[in-house]
Amino acid sequence: MRLLSRSFCFICLGFSALLFQSGPAAALWPFPPKRFKGNALLSAGSLGLDKLDGRIVAFGDFDGNQFLDVMSLSEDQQTIRVHLWDHDAFEFRPSNQLSLGRRIVNVIPADYNRDGRLDILVMCESRTPEVLDLFLYLGVEGGFDSNVITPPQSTDAQPLLIDAFGEMKVDLLGVAPSLVGHSGLTLWNNTRSGGDVGPEFFHLVDAPLQGTACIISSPHSNAIVDFDGDCLGDVFLTCGSHSHKSFQIWTNIKGRGFTLSRSGSFPENTGAISFADMNRDGTIDMIFPTCLSVSMSTGIGTGCKINIVYNQQKPLCASTSGASGLGQTNYCRRPDNLCSSDPDFQFDFNQVLPFHLKRVTFPDLLFSFIHQGIVSYDLAELTPDQSDSLLLYDITTSPPIPIPIRIGDLDLDGFPDLVPIVVQKRDRSWTTPILLFSVSCRRGLAGCSGNKLSSGRSYKVMTKNTQELYDIKDARGVALLDLDEDGTLDLMVQRTGKQMGTKVTFIQNNFFHDAFFLKAIVLNGACVGWCIPEHSNETKYHPFGVAYSGPSYKYTVIDPNGYRSAAQVGQLPQTSYHALQTPYAFFGLGRTNNYIENLFVGSTKTQTYHYINMEGVIPNSKVVISPPIGNRQPSDWKKELYLRPGEWIPVVSLTVVIATLVLAIIWFILHLNEKREDELERRRKLHHINFDAL
């Protein structure tokens, strides 16, 4: 035992010296140092976009390697450049570029011919006033096809990407000057697939709306979002003028197209409308700013508020068996049947209903929920310097680009946070993005005074360890993305260049949290696994870059206290006016010690099976779903799960290796001791004299 103890001490000292020594021997450590250190929002610089002379206009995976790439537009709005993400160098590298020689107003990446590659639709100003010329460039190996396709023109109200007939194709919904049907809207019906191209790539038809649509505003916040909870994307239309906006919601009915189900008016001077599940109840809500006045010459609104209009739907049942066994399941959604439609959904713009239990009777009180109307937060109560002004339009582009309030779960607690661009009070030329974390309601926070406890949530500006974000004084846009696919939502701030000459700055979200996330992307079914090109000299490729608008995700998780909650996230709901939304869905799961109980993935298919339910999905992973073409069984959906290696994996792996080596050495020493004792015992037996035999 003395020999064993001495040997064990020497082993420990040896490994300690290996792990903690400095100097050249430190190169024996097999894992690279962390790129970003510190629990804070850290500036990552321009990441290879130092010479950017315009702005970022779109995100997409152009090379199909599951890393997000960006597309930029030059300052004169005539040249498009693709910048591919280099994982090893941790920066963007220039790839392809297109120069059109005319003013470009928007670029929308998508797989328009459904061949598994990312194409781009370019919208340019026409010689005719208030008309846009459309140009479609198909993706080929290493770039884009030089043979441009020219779809029919659109009005200056930019068309929206939509799968109108549930065929998993990319159509366009807008207004064409040459055709306005009885519905008031035009559909650019995509008649091509699988690489088949021709002059009539899009055929103009009347939009499949059962009724007459309103006059679309320009700019607008049109979107494809699931409002009634059936996991099928519905159409949201913004109508009216800048100062007086209204909306229409057209629900997607299988086999019948879209039916007008809701309409209403927004408050005066409403800005861009965004959509997210703000109170984590499994429904999509509306978020938008309103201001007392808006100056179109500066793009600044003053006297502003941030408003949330909650989607009022059936709540989540307290158990998987429904409502207490009394046949009351129509009053709630079971956790294993989240994609059930609620035709009575509504948005109340008039009041807050703190404890209104609509359609809920005893014993449904066990899982009763709170219905809210509209909840408004004064911007002056949220900002550190009590500023009440927001940047609502980027006037450095022509025409001006509306700037929405960016929404994303930056702390992974399951409740989305807000990132508006605030005009500072002491100097109105300073525009800074601020981070508003969703927090539990308590006295002293905006929206929590008196009896109006809203949804039990409020927003608090994050000031600790965020200085590098708030040092930016010339922001003209902000977007949320996952840099290098590391499982955190980071920020991309677009700038005028007046402060430091830099047009874009990336902010690394380096806060360490004990919560989990999930990323998901629904493909368009162009290829199953690998895409095989028609030409033999081209290499096969993955269709990872062909996400499309309209899919929806619903999930339930159980927190460490045993409480079940549901949430909903849409995929790429908006594509117009430099929407800058990622092709994947990213959502925080909060603190959970379990798998994701149910993950419902809805596509835009209008066949019998338009969604699937995945059980036991591992958190901190990425799910890639490819629905099959046609009316196929849910078992035919292709599902792939990619786990993200955590920062703790190298340390744990090294610990396991060291522990295994230590145990092996201990075993070897004990084996030698036992072998020596056996040999001594054998020798003693040889010299033993049997006196009884004498």
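Residues numbered from 1 in each chain as written. Predicted model: local features only at pLDDT ≥ 70, side-chain atom pairs only at ≥ 80, totals over all residues. Heavy atoms only, no water.

**Brief notes about the overall build of the protein**
The helix and strand tally for the protein stands at four helices and 48 strands. In the protein, which comprises 694 residues, the share counted as buried stands at 56%. Here the contacts in the protein between residues at least 6 apart in sequence split such that 56% fall between residues at least 24 apart. Here the protein has roughly 30,200 Å² of accessible surface; of this, 54% comes from carbon and sulfur atoms. (Helix = DSSP H or I, 4+ residues; strand = E, 2+ residues; numbered from the N terminus. Buried < 20%, exposed > 50% of the residue type's maximum accessible area, 1.4 Å probe, protein only. Contact = heavy atoms within 4.5 Å. Areas by Shrake-Rupley, 256 points an atom, 1.4 Å probe, with all protein chains shown as cover.)

**Concerning the side chain of Glu 485**
Mapped onto the fold, Glu 485 is located in the loop between strand E38 (475-481) and strand E39 (490-495). Judged by its relative accessible area of 18%, Glu 485 falls in the buried class. Contact partners of Glu 485, with chain neighbours within four places excluded, come to Gln 66, Phe 67, Leu 68, Lys 519, Tyr 584, Lys 622 and Arg 644.

**Here we look at the pattern of salt bridges**
Counted by the stated rule, this structure contains 17 salt bridges. Here Glu 91 ties to Arg 93 by a salt bridge, and the two come within 2.8 Å at their closest N and O atoms. Each of Asp 86, Glu 91 and Arg 93 takes part in one network of salt bridges that share partners. (Salt bridge = Lys/Arg side-chain N within 4 Å of Asp/Glu carboxyl O.)

**Some thoughts on a negative patch on the surface**
A grouping of Glu 674, Glu 677, Asp 678 and Glu 681 is seen on the molecular surface, where their side chains present a negatively charged patch. With respect to the secondary-structure elements, Glu 681 resides in helix H4 (residues 648-686). (Patch = residues over 30% accessible without salt bridge, like charges linked within 9 Å, V, L, I, M, F, W, Y side chains within 5 Å. Lys, Arg positive; Asp, Glu negative; His and termini not counted. Charge placed at Lys NZ, Arg CZ, Asp CG, Glu CD.)

**Regarding the sheet that holds strand E1 (residues 41-45)**
The strand order across the open sheet built from four strands is E1-E40-E39-E38, with neighbouring strands paired in antiparallel fashion. Single-partner strands in this sheet number two, and they are E1 and E38. Taken pair by pair, the neighbouring strands of this sheet meet at an average axis angle of 25 degrees, ignoring direction. Here E38 runs beside E39; their pairing, made up of six bridges, is antiparallel. Directly across from Leu 481, in E39, lies its bridge partner Asp 490. (Pairing = 2+ DSSP bridges. Axes fitted to C-alpha atoms, helices over the stretch in contact; angles between N-to-C directions.)

**Thoughts on unusual backbone geometry**
The omega angle of the peptide bond from Ser 218 to Pro 219 is 5 degrees, so this bond is cis rather than trans. Among the structural elements, Pro 219 can be located in the loop between strand E16 (209-210) and strand E17 (223-225). Following Ser 398, the chain continues to Pro 399 via a peptide bond in cis, the omega torsion being -5 degrees. As for its position among the elements, Pro 399 is in the loop between strand E30 (393-394) and strand E31 (401-402). The backbone of Met 168 sits at a positive phi, close to 60 degrees, despite the residue not being glycine. Residue position: Met 168 is located in the loop between strand E12 (160-162) and strand E13 (171-174). Backbone geometry at Leu 572 places phi at a positive 45 degrees, although glycine is not the residue there. You can see Leu 572 is positioned in the loop between strand E43 (564-570) and strand E44 (585-590).

**Some points on the pairing of strand E14 (residues 186-190)**
Burial analysis of E14 places five of its five residues in the buried class, which makes it a mostly covered element. Of the two faces of E14, the one holding Thr 186, Trp 188 and Asn 190 and the one holding Leu 187 and Asn 189 are both buried throughout. Of the pairings in the sheet, the one linking E13 to E14 comprises three bridges and is antiparallel in character. Across the sheet, residue Leu 173 finds its bridge partner in E14, namely Leu 187. Bridge count between E14 and strand E15 (residues 202-206): five bridges; the pairing is antiparallel. For Thr 186, the partnering residue across the bridge sits in E15 and is Asp 206.

**Some words on a nonpolar patch on the surface**
Residues Tyr 595, Ile 618, Leu 641 and Leu 643 make up a contiguous nonpolar surface patch of about 370 Å² in total accessible area. With respect to the element layout, Leu 643 can be found in strand E48 (residues 638-643).

**What to know about empty space enclosed by the protein**
By the definition in use, this model includes 14 cavities of 30 Å³ or more. Considering only enclosed or pocket space, the largest cavity measures out at about 790 Å³ in volume. Every residue lining the largest cavity is counted, 43 residues in all, and those nearest its centre are Phe 275, Ala 276, Ile 407, Pro 573 and Gln 581. Elements represented by at least two residues in the lining of the largest cavity include exactly strand E21 (274-276), strand E32 (406-408), E43 and E44. Here the second largest cavity defines a volume of roughly 190 Å³. Split by residue class, the lining of the second largest cavity holds 13 nonpolar, seven polar and no charged. (1 Å grid on protein atoms, 1.4 Å probe; cavity = no way out; pocket = protein on both sides within 12 Å on 5 of 7 lines; lining within 4 Å. Points joined across faces, edges and corners; volume = space filled by probe spheres on them. Nonpolar A, V, L, I, M, F, W, Y, C, P; charged D, E, K, R; others polar.)

**Some remarks on the side chain of Thr 466**
With respect to the secondary-structure elements, Thr 466 resides in the loop between strand E37 (457-461) and helix H3 (467-470). The exposure class of Thr 466 is buried, given its relative accessible area of 0%. Once residues lying within four places of it in the same chain are set aside, the contact partners of Thr 466 are Leu 41 and Phe 511.

**Quick notes on the confidence of the model for the protein**
Scored by pLDDT, the protein has a mean of 85; 86% of the residues are at 70 or more. Under a pLDDT of 50 for its full length, residues 323-329 has, in the predicted model, 11 contacts with residues more than four places off or in other chains. The low-confidence segment residues 353-370 (pLDDT under 50) makes 43 contacts with residues lying over four places distant or belonging to another chain. (pLDDT = per-residue confidence, 0-100.)

**Let's talk about the nonpolar core**
Counting 81 residues, the largest nonpolar core has Phe 59, Leu 491, Met 492 and Phe 506 as its most contacted members. No other element matches the five residues that E38 contributes to this core. Not counting residues within four places of it along the chain, the set of residues in contact with Met 492 comprises Ile 56, Phe 59, Gly 477, Val 478, Ala 479, Leu 481, Val 504, Thr 505, Phe 506 and Leu 580. (Core = buried A, V, L, I, M, F, W, Y, C linked by side-chain atoms within 4.5 Å.)

**Some words on the environment of Leu 491**
Among the structural elements, Leu 491 can be located in strand E39. Accessibility expressed as a relative area gives 0% for Leu 491, which makes it buried. A sequence separation of 85 residues divides Leu 491 from Arg 406, and the C-alpha atoms of the two residues are 9.9 Å apart. Setting aside residues no more than four positions away along its own chain, Leu 491 makes contact with Leu 41, Leu 410, Val 419, Leu 469, Val 478, Ala 479, Leu 480, Leu 481, Thr 505, Phe 506 and Ile 507.

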